[in-house]
Amino acid sequence: LQANFSIVRNEDGPVTGLITVLHDVTEQEKIERERREFVSNVSHELRTPLTTLKSYMEALEDGAMQDENLGPRFLQVTQNETDRMIRLVNDLLQLSRMDSDEISLDFFTVDLSEMINQVIERFEMINKDKNIAFYKEVPSYPVYVDMDKDRIYQVFDNVLSNAVKYSPDGGEISVQMFTRADAVDVEISDQGVGIPKESQHRIFDRFYRVDKARARNLGGTGLGLAIAKEFIHAHGGKIAADSEWKKGTTILITLPYSVINKAEAGS
Ligand code: ADP
């Protein structure tokens, strides 16, 4: 703890007061340390794809371009790395806008049952070649939730992308939706690699990955769940993981029906 004192007195008059400002140095140090770690993470995350790009382009220049097998393959790698860098920068921009409160959420009343059905249908379509079986338990009636539709869609997109990414070919993914008195729960479970217990509370941290090399190879930015957490919290909801190493993962998302009513009730 750091204390700064200022003496308050009338012009040339007697001292009439003392202002003491207390700073929590440990808190400041923590923020500063997190900031440094963040900058170092961002630099590292960008340097890795840039180094890969450079070596593949050098190989192309040194003759791989003329090789009808290697040429297209190496070009594909440069494409993938560039795409990942674009995703990374987009994710960073989203988080930075959230951090500086530049993002305002556009709340509308949306039928969550319909949204979940749509997301699953899309994932079934785009993951045909991985032979994943999707099971769903979604109410057959509309479940209205006040939300920013694009953001919540993105949350389910991020969580389901992970479920697919970390699942083996032919794995099963289930999505269950349960309605309660004042909130709705959505559980997304997979039978993939799972997350060790000691890492479970960290996967929502920016850039945290259980297996960095594997996650990068799968095209991840390490920011998907951090963004999901920000968006869910901005809706007054919760997101948590429950997983067993090598057995599978469940991500539980809870959303209140109405953030607006909740705020009114609380005031
Ligand atoms: P990434 O882009 O690396 O997937 P995320 O923020 O989406 O970043 O996830 C952070 C980390 O959490 C992942 O790198 C992975 O280690 C772990 N993870 C997330 N979802 C799952 C899942 N369904 N199964 C296993 N591990 C997961």
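Residues numbered from 1 in each chain as written. Predicted model: local features only at pLDDT ≥ 70, side-chain atom pairs only at ≥ 80, totals over all residues. Heavy atoms only, no water.

An unreviewed UniProt entry lists the protein under the name histidine kinase, with Marinococcus luteus given as the organism.

Visitor: So, a nonpolar patch on the surface: which residues are in play, and what are the values?
Guide: Together, Phe 5, Ile 7, Val 15 and Leu 18 make up a nonpolar patch on the protein surface, roughly 450 Å² of accessible area in all. Contributing elements (two or more residues each) for the nonpolar patch: strand S1 (2-9) and strand S2 (15-23). Here Ile 7 lies in strand S1. (Patch = residues over 30% accessible without salt bridge, like charges linked within 9 Å, V, L, I, M, F, W, Y side chains within 5 Å. Areas by Shrake-Rupley, 256 points an atom, 1.4 Å probe, with all protein chains shown as cover. Salt bridge = Lys/Arg side-chain N within 4 Å of Asp/Glu carboxyl O. Helix = DSSP H or I, 4+ residues; strand = E, 2+ residues; numbered from the N terminus.)

Visitor: Let's hear about the packing of aromatic side chains: which residues, and what values?
Guide: Applying the stated criterion across every chain yields a total of two aromatic pairs. Residues Tyr 56 and Phe 74 carry aromatic rings whose centres are separated by 4.9 Å and whose planes lie at 80 degrees to one another, so their mutual orientation is edge-to-face. One end of the pair, Tyr 56, is in helix H1 (residues 25-61); the other, Phe 74, is in helix H2 (residues 70-99), with 18 residues separating them in the sequence. When its relative accessible area of 14% is taken as the criterion, Phe 74 is described as buried. (Phe/Tyr/Trp six-rings, centres within 6.5 Å; stacked < 30°, edge-to-face > 60°. Buried < 20%, exposed > 50% of the residue type's maximum accessible area, 1.4 Å probe, protein only.)

Visitor: Pulling in residues and values, what's your account of the side chain of Thr 221?
Guide: Along the chain, Thr 221 falls in the loop between helix H5 (212-217) and helix H6 (224-234). Within the structure, Thr 221 has its side chain in polar contact with the side chain of Asp 91 (distance 2.8 Å). Polar side-chain contacts of Thr 221 include one of 3.2 Å to the backbone nitrogen of Leu 223. Each residue touching Thr 221, except ones within four places of it in the same chain, is listed here: Arg 84, Arg 87, Leu 88, Asp 91, Phe 207 and Arg 209. (Polar contact = N/O pair within 3.5 Å; in protein donor to acceptor, adjacent residues only side chain to side chain. Contact = heavy atoms within 4.5 Å.)

Visitor: I'd love a proper account of unusual backbone geometry, names of residues and values included.
Guide: Phi is positive for Asp 101, which is not a glycine, with a value near 55 degrees. Given the relative accessible area of 67%, Asp 101 is considered exposed. Unlike most non-glycine residues, Lys 246 shows phi in positive territory, near 70 degrees. Mapped onto the elements of the fold, Lys 246 is located in the loop between strand S8 (238-244) and strand S9 (248-256). What makes Lys 246 exposed here is its relative accessible area of 65%.

Visitor: Account for the packing of helix H4 (residues 149-165) against H6, with residues named and values stated.
Guide: For the pair H4 and H6, the least separation of the axes is 9 Å and the interaxial angle reads 145 degrees. Where H4 crosses over H6, the handedness of that crossing is left-handed. In this structure, H4 uses Arg 151, Ile 152, Gln 154, Val 155, Asn 158, Val 159 and Asn 162 to contact H6, whose residues at the interface are Gly 224, Leu 225, Ile 227, Ala 228, Phe 231 and Ile 232. Residues of the contact of H4 with H6, tallied by class, amount to eight nonpolar, four polar and one charged. (Axes fitted to C-alpha atoms, helices over the stretch in contact; angles between N-to-C directions. Left-handed = near helix turned anticlockwise from the far one by under 90°. Nonpolar A, V, L, I, M, F, W, Y, C, P; charged D, E, K, R; others polar.)

Visitor: Provide a residue-level description of the pairing of S9, including the pertinent values.
Guide: Counted residue by residue, S9 has eight buried out of nine residues, so it is predominantly covered. Examined bridge by bridge, strand S7 (residues 183-190) and S9 share eight bridges and lie antiparallel to one another. The partner of Val 184 across the bridge, within S9, is Leu 255. Where S8 folds back onto S9 in an antiparallel hairpin, the turn is made up of three residues, including Lys 246, whose phi is positive at roughly 70 degrees. (Pairing = 2+ DSSP bridges.)

Visitor: If you had to explain the site of the ligand to someone new, which residues and values would you point to?
Guide: Taken together, 20 residues lie near the ligand, and Asn 162, Tyr 166, Asp 190, Thr 221 and Leu 225 sit nearest. Contact between the ligand and Asp 190: a nitrogen atom at 2.8 Å from a side-chain N or O atom of the residue. The backbone of Val 210 places a nitrogen or oxygen atom 3.0 Å from an oxygen atom of the ligand. Here the ligand has 530 Å² of accessible area as a free molecule, and 96% of this is covered by the chains. Elements supplying a minimum of two residues to the shell around the ligand: H4 and H6. In the shell around the ligand, the residues fall into 10 nonpolar, seven polar and three charged. (Near = heavy atom within 4 Å.)

Visitor: Could you give an account of the environment of Trp 245, with specific residues and numbers?
Guide: Tracing the sequence through the fold places Trp 245 in the loop between S8 and S9. Along the backbone, Trp 245 and Ile 195 are 50 residues apart, and their C-alpha atoms lie at a distance of 4.9 Å. When near neighbours in sequence (up to four residues on either side) are disregarded, Trp 245 contacts Val 193, Gly 194, Ile 195, Pro 196 and Val 210.

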